[in-house]
Amino acid sequence: MNPTELHERAEQERRRQRNLRLRLFLCYSTPCLSAGADRVKAVLDEEIAACNTDAQIDLEVVETGCMGLCSRGPLLRIVQADGSEKIFENVTPESAPSILDACLSNTEPTKVAQLSPDLAFFTQQTRIALENNGWIDPEKIEHSLARGAYGALAQALHDMTPEEVCNEITRSGLRGRGGGGYPTGVKWELVRKAPGERKFVVANGDEGDPGAYMDRSLMESDPHRVLEGMAIAGYAVGAEQGYIYVRGEYPLVAARLAKAIKAAEKSGLLGSRVLDSGFNFRIDLRVGGGAFVCGEETALMTSIMGRRGQPVPRPPYPAQSGLWGCPTLINNVETFANIAPIVKNGAAWYAGFGTEKSKGTKVFALCGEVVNSGLIEVEMGISLRRIVFDIGGGLPDGGRFKAAQTGGPSGGCIPAEHLDTPVDYESLKDLGSMMGSGGLIVMNETSCMPDVAKFFMEFCMDESCGKCVPCRAGTVEMHRLLTRITDGSAVPEDLQTLEELCRLVQETSLCGLGMTAPNPVLNTLLYFRNEYLAHVDERNCPAGNCTLDRIPLYKLPEHVDRLAILKERS
């Protein structure tokens, strides 16, 4: 396929879609499938089959990726030939026929909840990476082509040199969306200039933060966007082989990516002589075993090479010595999803979004105590207040906002007094938190912050690969101290020991997992120290969560009567 044929194929699909009287976009992502989207689809298929032949030709049910508002799924968006649309929430097999009948007869369905397209959840987002989510069937390449897929790749291959592509990414200001925020263009340029007979491109889709599912939704909903970004990167840095690494808990993602890779190869969009150029690029899928540490780039590479996924010291960095000792470019899935729009629209266009140092947009998985939970994409610099109270709709049942946790187990909790802080890399770091990969958990007054810190420490303890002592033993000891604080057996000296241990683990761990594991503890101590003191000094949990039914060891003589009772019971 050459660029002209690509354009014609896309236009042919757009003509077909324009001739349809009605298009039904049914969210077929993992959350909506869990809520029964497959049963809704079966009912819609039966209803359409019962219509006359003309109606079958005029109608189309599109099994889309994530539409975003996961707490209201399954979602069904119906678009008429004139472009008008209606969105229905919590669709069931019972309500689906009445929705279809009403739309065919241009009436309003009764007893079915509709969402306004003007809902702040939709209107206050800025969608770049997610622009196709909810509008295409990720398993049909024609749908992606109709939305412009692989047009940027054709532009890069035929109109730009590899150096020009790298420069364009650099000038866009795009930073790595996996959490570190390293300038993407700088990383690409390092790999492009690195000497080596072979080079590789790796997409890190090993998403493991609690509450995070941004990468899963991107790969699940628009796999060709990620593949196109990887192919452009391969051309820019001089690589002919790419790997996309997906965690084992994402079987739907793996299935859709495998199908997308096969379809792209069949169409000449991947493989040999891509888009009738001299560029060759293959992408292979690697499915991980579910170890959180494989999200760390050196551990991920060892896993791809068939070894146990454990980090190794840096330098050398992957740009100099990565897979099999060759220069390797590793970017997060969301980073690759931003590449095609930048090449297509230009660096200046992308740099027009966001703040001075944090350009573009960021995808978040908004969850926890919030009315509208789901997948959102917002412009960098938007305030946390707008995310929680406008897009998220505030807290349910009039609950009071206490904190928002960002950055997963490596991040921190942002308290209410910082709700107006702009959400960007620098501001979150100044608050003792971090952007992370995009998990955003909202908490109300019933959340006990020492207990929250214990939860994340337990996660880090379980997921530590065990290679270095500070992380392996330190997370266990920190979790033990947090357990004592929340069960009432801690003494004041435990708090000091906890803080000293946090600093030690931060400074001596081998990789980012260990270095950042103490962050939730230090951050909650910074903003919610009174809660820790209430647990230790007053044996009181202000949030009312902790049982505090243990006795501090050195105070045992003061509780000798209680000890006597326990002896009698035994």
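These numbers were taken from a predicted model, which means no experiment stands behind them. (Residues numbered from 1 in each chain as written. Predicted model: local features only at pLDDT ≥ 70, side-chain atom pairs only at ≥ 80, totals over all residues. Heavy atoms only, no water.)

Enquirer: How should I be thinking about the packing of helix α8 (residues 151-159) against helix α12 (residues 223-237) in this particular structure?
Expert: Packed helices, taken two at a time, are described by their axes: the angle between them and the distance between them. For the pair α8 and α12, interaxial distance at closest approach is 9 Å and the crossing angle is 10 degrees. The angle between the axes of α8 and α12 places the two elements in the roughly parallel class. Here G151, A152, L153, A156 and L157 of α8 lie close against α12, whose contacting residues are E228, A231, I232 and Y235. Here the residues of the contact of α8 with α12 sort into seven nonpolar, one polar and one charged. (Axes fitted to C-alpha atoms, helices over the stretch in contact; angles between N-to-C directions. Helix = DSSP H or I, 4+ residues; strand = E, 2+ residues; numbered from the N terminus. Parallel < 35°, antiparallel > 145°, perpendicular 65-115°, else oblique. Contact = heavy atoms within 4.5 Å. Nonpolar A, V, L, I, M, F, W, Y, C, P; charged D, E, K, R; others polar.)

Enquirer: How should the packing of aromatic side chains be read in this particular structure?
Expert: Any aromatic ring pair is given by two values, namely how distant the centres are and how the planes are angled relative to each other. Under the definition given, this model contains 12 aromatic pairs. Between F200 and Y243, the ring centres sit 6.2 Å apart and the planes meet at 35 degrees, which makes this aromatic pair tilted. With a gap of 43 residues between them, F200 in strand β6 (residues 200-205) and Y243 in strand β7 (residues 241-246) connect regions that are remote in the sequence. By the burial criterion, F200 is buried, and Y243 matches it. Taking 4.9 Å as the distance between ring centres and 80 degrees as the angle between the ring planes, the aromatic pair formed by F292 and F459 counts as edge-to-face. Of this pair, F292 sits in the loop between β8 (282-287) and α14 (297-304) while F459 sits in helix α20 (residues 449-463); the two residues are 167 residues apart in sequence, bridging distant segments of the chain. A relative accessible area of 13% means that F292 is categorised as buried. (Phe/Tyr/Trp six-rings, centres within 6.5 Å; stacked < 30°, edge-to-face > 60°. Buried < 20%, exposed > 50% of the residue type's maximum accessible area, 1.4 Å probe, protein only.)

Enquirer: What is the right way to look at empty space enclosed by the protein in this model?
Expert: Sizing a probe to match a water molecule and rolling it over the atoms shows the empty space that remains. Throughout the structure, instances matching the rule amount to one cavity of 30 Å³ or more. Counted as a void, the largest cavity has a volume near 50 Å³. Lining of the largest cavity is provided by V293, P311, S464, C465, G466, K467, C468, C471, L510, C511 and L513. Looking at the lining of the largest cavity residue by residue, the classes come out as eight nonpolar, two polar and one charged. (1 Å grid on protein atoms, 1.4 Å probe; cavity = no way out; pocket = protein on both sides within 12 Å on 5 of 7 lines; lining within 4 Å. Points joined across faces, edges and corners; volume = space filled by probe spheres on them.)

Enquirer: What's the story with the pattern of salt bridges in this structure? I'm lost.
Expert: Any two side chains of opposite charge can pair, given that their charged atoms come close. Evaluated as defined, the whole model comprises 31 salt bridges. Three or more residues are tied together by salt bridges with common partners; here these are E13, R16, R23 and E60. (Salt bridge = Lys/Arg side-chain N within 4 Å of Asp/Glu carboxyl O.)

Enquirer: So what exactly am I meant to see when it comes to the sheet that holds β6 here?
Expert: Strands belonging to one sheet form pairs held by backbone hydrogen bonds; the direction of such a pair is parallel or antiparallel. Strand order in the open sheet made by the four strands is β8-β7-β6-β9, with parallel pairing throughout. Each end of this open sheet is capped by a strand with a single partner; those strands are β8 and β9 (328-332). Neighbour-to-neighbour, the strand axes of this sheet turn through a mean angle of 20 degrees, independent of strand direction. Bridge count for β6 against β9 is five bridges, and the pairing is parallel. Paired with F200 across the strands is T328, a residue of β9. (Pairing = 2+ DSSP bridges.)

Enquirer: I would appreciate a short explanation of the nonpolar core in the present structure.
Expert: Nonpolar side chains tend toward joint burial in soluble globular proteins. By size, the foremost hydrophobic cluster in this structure holds 69 residues, and its most contacted members are Y150, W188, V201, M230, I244, F281 and F336. Of all the elements, α12 adds the most residues to this core, at nine residues. Beyond its immediate sequence surroundings of up to four residues, M230 is in contact with V201, A203, G242, Y243, I244, F281, I283 and F336. Of all hydrophobic cores here, the second largest spans 54 residues; its members include I87, A96, V370 and V378. (Core = buried A, V, L, I, M, F, W, Y, C linked by side-chain atoms within 4.5 Å.)

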